[in-house]
Amino acid sequence: MGWELDEACMRAMGWEYHPRFPGDTTGYWRSLDGEQVISEERPHFSEDPSAARLLEDEIERQGLQNEYLTALRAFLPKRQMYRALCWDFMRTTPEQRARAFIATIPARSTRSQ
């Protein structure tokens with residue numbers, strides 16, 4: 001599931017995959033305008049805390065913090081105590097953050113213009 005989740009995050013951030021040849025899985029990612037090569041190696045958003053931070057930077061850039069926190073809350077245990085809930089937010093995994101990101105920002109390639 002890691003690759004599919006990471007790919008969904010990259011598409012939601014507006015990146016496109018460009019294979020070097022048909023069937024290539026080692027191609028590169030570019031911005032939708034085709035101007036910028038983003039990554040030769042896919043970021044592991046769903047596994048790497050540093051990469052997951054990039055998702056939250058994008059959430060902040062778009063001003064979607066409230067929507068993101070609501071989505072992230074859906075992946076946490078249901079708790080009533082404020083301190084326990086705060087602890088759960090601090091301990092979210094990269095996978096939970098990636099899933100909340102996808103729930104907050106639909107893939108740009110599927111958005112209507």
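How each quantity is defined
- Once a new chain begins, its residue numbering starts again from 1 and follows that chain's sequence as written.
- Local features in this predicted model are restricted to residues of pLDDT 70 or higher, and side-chain atom pairs are both shown and tallied only at a pLDDT of 80 or more, whereas totals for entire chains, interfaces and linings draw on every residue.
- With hydrogens and water set aside, each side-chain value is computed from the structure's full complement of heavy atoms.
- Only DSSP runs of H or I reaching four residues or more are called helices, and only runs of E reaching two or more are called strands; each is numbered from the N terminus.
- A simple rule labels every residue: compare its accessible area, found with a 1.4 Å probe on the protein chains alone, to the largest value its type can have, and call it buried under 20%, exposed over 50%, or partly exposed in between.
- In what follows, residue pairs with any heavy atoms lying within 4.5 Å of each other are defined as contacts.
- Residue exposure ignores everything except the shown protein chains as possible cover, and the areas themselves are Shrake-Rupley values with a 1.4 Å probe.
- Stacked, tilted and edge-to-face are the three classes applied to pairs of Phe, Tyr and Trp rings, where Trp contributes its six-membered ring and a pair requires centres within 6.5 Å; stacked means planes under 30 degrees apart, edge-to-face means over 60, and tilted covers the rest.
- pLDDT is a residue-level measure of predictor confidence that goes from 0 to 100.
- For helices, the fitted line uses only the C-alpha atoms of the stretch in contact; every axis is such a line through C-alpha atoms, and the angle between N-to-C directions lies from 0 to 180 degrees.
- An angle below 35 degrees is treated as roughly parallel, one above 145 as roughly antiparallel, one from 65 to 115 as roughly perpendicular, and anything else as oblique.
- Each helix crossing is assigned a hand: it is left-handed if the near helix lies turned anticlockwise from the far helix by less than a right angle, otherwise right-handed if that turn is clockwise.
- Residues are grouped as follows: Ala, Val, Leu, Ile, Met, Phe, Trp, Tyr, Cys and Pro are nonpolar; Asp, Glu, Lys and Arg are charged; all remaining types, including Gly, are polar.

## Structural notes on the overall build of the chain
Right, so step 1: Looking only at helices and strands, one finds five helices and three strands in the chain.
Right, so step 2: When its helices and strands are written in sequence order, the chain yields α-β-β-β-α-α-α-α.
Right, so step 3: Per-residue burial over the chain gives 35% buried out of 113 residues.
Right, so step 4: Sequence separation of 24 or more characterises 55% of the internal contacts of the chain that already satisfy a separation of 6 or more.
Right, so step 5: A total of about 7,300 Å² of accessible surface is found on the chain, and carbon and sulfur atoms cover 53% of it.

## Overview of the environment of Glu4
Right, so step 1: By the secondary structure assignment, Glu4 is in helix α1 (residues 2-12).
Right, so step 2: As a C-alpha pair, Glu4 and Ser46 span 42 residues in sequence and 9.6 Å in three-dimensional space.

## A word on the packing of aromatic side chains
Right, so step 1: With the rule as written, the count across this model stands at one aromatic pair.
Right, so step 2: Aromatic side chains Trp15 and Phe45 sit 6.2 Å apart centroid to centroid with 50° between the ring planes, which places their arrangement in the tilted category. Linking Trp15 in strand β1 (residues 15-18) with Phe45 in the loop between β3 (37-39) and α2 (49-61), this pair joins segments that are 30 residues apart in sequence.

## Considerations on the confidence of the model for the chain
Right, so step 1: Confidence in the prediction of the chain, expressed as mean pLDDT, is 81, and 81% of residues score 70 or more.
Right, so step 2: Ranking the helices and strands of the chain by mean pLDDT puts helix α5 (residues 94-104) first, with 95, and β3 last, with 63.
Right, so step 3: Low pLDDT (under 50) marks residues 107-113, which in the prediction has twelve contacts with non-local residues, meaning those over four places away or in another chain.

## Here's the deal with the packing of α1 against α5
Right, so step 1: Running from amino to carboxyl end, α1 crosses α5 at an angle of 45°, the nearest separation of the two axes being 10 Å. Looking at the two axes, α1 sits oblique to α5. When the axes of α1 and α5 are compared, the crossing they make is left-handed. The segment α1 lies against α5, with Leu5, Ala8, Cys9 and Ala12 engaging Glu95, Ala98, Arg99, Phe101 and Ile102.
Right, so step 2: Residues belonging to the contact of α1 with α5 are distributed by class as follows: seven nonpolar, no polar and two charged.

## Re the environment of Ala103
Right, so step 1: As for its placement among the helices and strands, Ala103 is situated in helix α5.
Right, so step 2: Assessed through its relative accessible area of 55%, Ala103 is described here as exposed.
Right, so step 3: C-alpha separation for the pair Ala103 and Cys9, spaced 94 residues apart in sequence, amounts to 10.0 Å.

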